[in-house]
Every structure is written in C-alpha cells, then in structure tokens.
Amino acid sequence: MRKNNHHNVINHNIIKEKKAFPDTNESEPLTENSSKIEGRNAVLEAFRAGMTIDKLYVLSGCKDGPVQSILREAKKQDTIVSFIARERLDQLSETKKHQGVIALAAAYTYASIDDILAAAKDKGEPPFLILLDGIEDPHNLGAIIRTANLAGAHGVIIPKRRAAGLTAAAAKASAGAVYHTPVAKTVNLCQTIQDLKKKGIWFVCADRKGDLMYRQNLTGPIGLVIGSEGEGVSRLVRENCDYTAAIPMKGDIDSLNASVAAGVLSYEIVRQRMEDRNG
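Nothing here was measured: the structure is a model prediction, and the numbers come from that model.

Asker: Can you break down unusual backbone geometry residue by residue, with the values?
Answerer: If you check the backbone angles, D78 has positive phi at about 60° while not being a glycine. Inspection of the secondary structure puts D78 in the loop between α2 (65–76) and β3 (80–84). In this structure D78 comes out as buried when scored by relative accessible area, which is 3%.

Asker: Lay out the nonpolar core in plain terms, naming residues and giving numbers.
Answerer: Within the largest apolar cluster, 38 residues are counted, with the highest numbers of intra-cluster contacts made by F128, I130, L132, V156, I226 and L265. Among the elements of the structure, β5 (128–133), α5 (138–151), β6 (155–159), α6 (168–173), β8 (202–206), β9 (222–227), β10 (243–245) and α9 (258–278) are those that each provide at least two residues to this core. Here the element with the most residues in this core is α9; it accounts for six residues. Leaving out residues up to four positions away in the same chain, F128 has contacts with A151, G152, A153, H154, G155, I222, L224, S266, I269 and R273. Grouped together as the second largest cluster of nonpolar side chains are 24 residues, V43, A46, L56 and V101 included.

Asker: Can you break down α2 residue by residue, with the values?
Answerer: Note: α-helices contain 3.6 residues per turn, so residues at a spacing of three or four share the same orientation. Taking 1.5 Å of rise per residue, 12 residues should cover 16 Å, and α2 covers 17 Å from first to last C-alpha, within 8% of that figure. Among all positions of α2, only V67, S69, I70, L71, E73 and A74 are buried. Positive phi appears at D78, one or two residues downstream of α2, with a value of about 60°.

Asker: Hey, could you go over the sheet that holds strand β2 (residues 53–59) for me, with residue numbers and the actual values?
Answerer: One open sheet holds the four strands; their spatial order is β1-β4-β2-β3, and the pairing between them is mixed. Of all strands in the sheet, those bounded by a partner on one side alone are β1 (35–38) and β3. Each strand of the sheet is rotated relative to its neighbour by a mean of 20°, with strand direction disregarded. Of the pairings in the sheet, the one linking β2 to strand β4 (residues 101–105) comprises five bridges and is antiparallel in character. The partner of V58 across the bridge, within β4, is V101. Along the sheet face, helix α1 (residues 40–48) touches β1, β2 and β4 and points at about 120° away from the line of β1. Of the strands in this sheet, β2, β3 and β4 touch α2, which is tilted by about 155° from β2.

Asker: Break down the sheet that holds strand β7 (residues 183–186) for me, citing the residues and quoting the values.
Answerer: Reading across from one edge, β7-β6-β5-β9-β8-β10 is the order of the six strands in this open sheet, with parallel pairing throughout. Each edge of the open sheet carries a strand with a single partner, namely β7 and β10. Strand after strand, the sheet turns through a mean of 30° between neighbouring axes, direction not considered. In the sheet, β6 pairs with β7 via four bridges, with the strands oriented parallel. Note on β7: the bridge partner recorded for I157 is A184.

What counts, and at which threshold
Residues numbered from 1 in each chain as written. Predicted model: local features only at pLDDT ≥ 70, side-chain atom pairs only at ≥ 80, totals over all residues. Heavy atoms only, no water. Helix = DSSP H or I, 4+ residues; strand = E, 2+ residues; numbered from the N terminus. Buried < 20%, exposed > 50% of the residue type's maximum accessible area, 1.4 Å probe, protein only. Core = buried A, V, L, I, M, F, W, Y, C linked by side-chain atoms within 4.5 Å. Contact = heavy atoms within 4.5 Å. Expected span 1.5 Å × (residues − 1). Pairing = 2+ DSSP bridges. Axes fitted to C-alpha atoms, helices over the stretch in contact; angles between N-to-C directions.

What follows is the structure, given as structure tokens:
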C-alpha cells in the first residue's frame, strides 16, 4: 500500500533513451500519418535535417548504396524500420514514385520527459503523468491526450515500438490538446518508470483485477499506466508499478475502452487531489 507522505523533490535531469536496432517485422500493419516522405533523396535529406521520423518502410531485399545510407541514418536516430514487399509499399505510396523507401514523419514534435517534469515544476504542482503501454489505435491515443489536458496531467509518455504515434489521426482525436500537452517517447517503459521512481513519483497501474480505485491513495506525484484494451498492461510494466487500481464495473462485459478507462482513473486522481488540497 502506498504511503501518504510523498517526496516532492524532482530532479530535472534529462532521461536519455537507449538505442535499439531497427525493427524488421514485415507483418506489421501500415501506419497512418499526415506526412509521408517518399523517394531516396527526400528521405535521406529528411533524416539529415533532423526531422522526427516515426517509421521507415524499405523495399524488402533492397541493399544498394543509397538505401544503405538511409538505413545508417535511421539507425543513428533509432527509427523503427520495416522491410516490406513491393505491393505493400505501392499501397502506402501516394506519389507512386517511392524508389523503394517511404518515411513516416511525426505530425507534431515530441517533447522530452524532462520537459514534462519542468511543466509540473513551473505550475508548482506534483507531477501527474499518463504512461501508455501498447496503445496502437491513434484515435485512442488522441482521446487520452485530450483527457490528459482536461484533467491537468503534465504530459503523456508512450513507448517507441508497437504503439500509436503523433499522427494526424491522433492529433485530430485530441481536439487540439496535442498543442498543449507534451507527449514524450521512450524506448523502454520499464526503465523510464524506474528512473522516475527515483525522482519521487509513484506509479499506479490500471488493472481490472486490482484494488478498487476508491481505496487507493492517488494524490501526490503520480504516474498512471494504461494498457491496451485487449491485453491490458504488460506483465513487466505492471510489476514495475507500485500498486494497481481497478474501475468498478457492473455490466456483462469485462473491459472499458482504453481511453475511457484513462478518463475515469484520471478524474479519480483529480478528485483525490482536490480533496487533499482542500482538506
């Protein structure tokens, strides 16, 4: 059980992401994004200009010099790479002149975790973070960002792999909240949780088999972890959290939409914070 006395001292050192090798999973679904960059020169220049590239699609089996240069740049930036068949690459292409490479650039700029902690400090508030584990639907991501903004969360943290990014669809679903709520990416969600714990932040994991949310202390510096609708929070991430919180459900089905669950739990945090401040 979480203690009532919270440590509010926040260290604002930047949490650096670990580098990883690109993903070469050909079966991964195509990703929606507002900014597709097609063609070898255009993609290479985008990398060299420092653009945030969420994903790179490369024609399977293509290993010539220009493509190797692009792959080297992708590795430097830890961009996820998928090697796919020509038919699928043609399907993704808008220009039909992709030359074997298509990059998906983030529609909006990502923040750092340091930016999120600084936002809390600037407001004189204990940090309130929302961490997402395996949310792959951009509409769910956008809805959660919208809730985060309205509930006063200081930022959202998402994993770099197997998760929705800041696409046009996510931005639209956020109803403009993406302009006001920082979103950070991390390579390793478990390591990020461990690093943030050292800064005095507690972590509560949404779990339908957990303890009733009304019985948990959700005040003070807190990170709310939300998992995917089907799988929930992964075992390793759940084990790194301090405790769990369940939403009471009386119906015939056993789960809420991920964005709805995030909303319910976020506003329980809001309620408890208000009572704690007024009490």
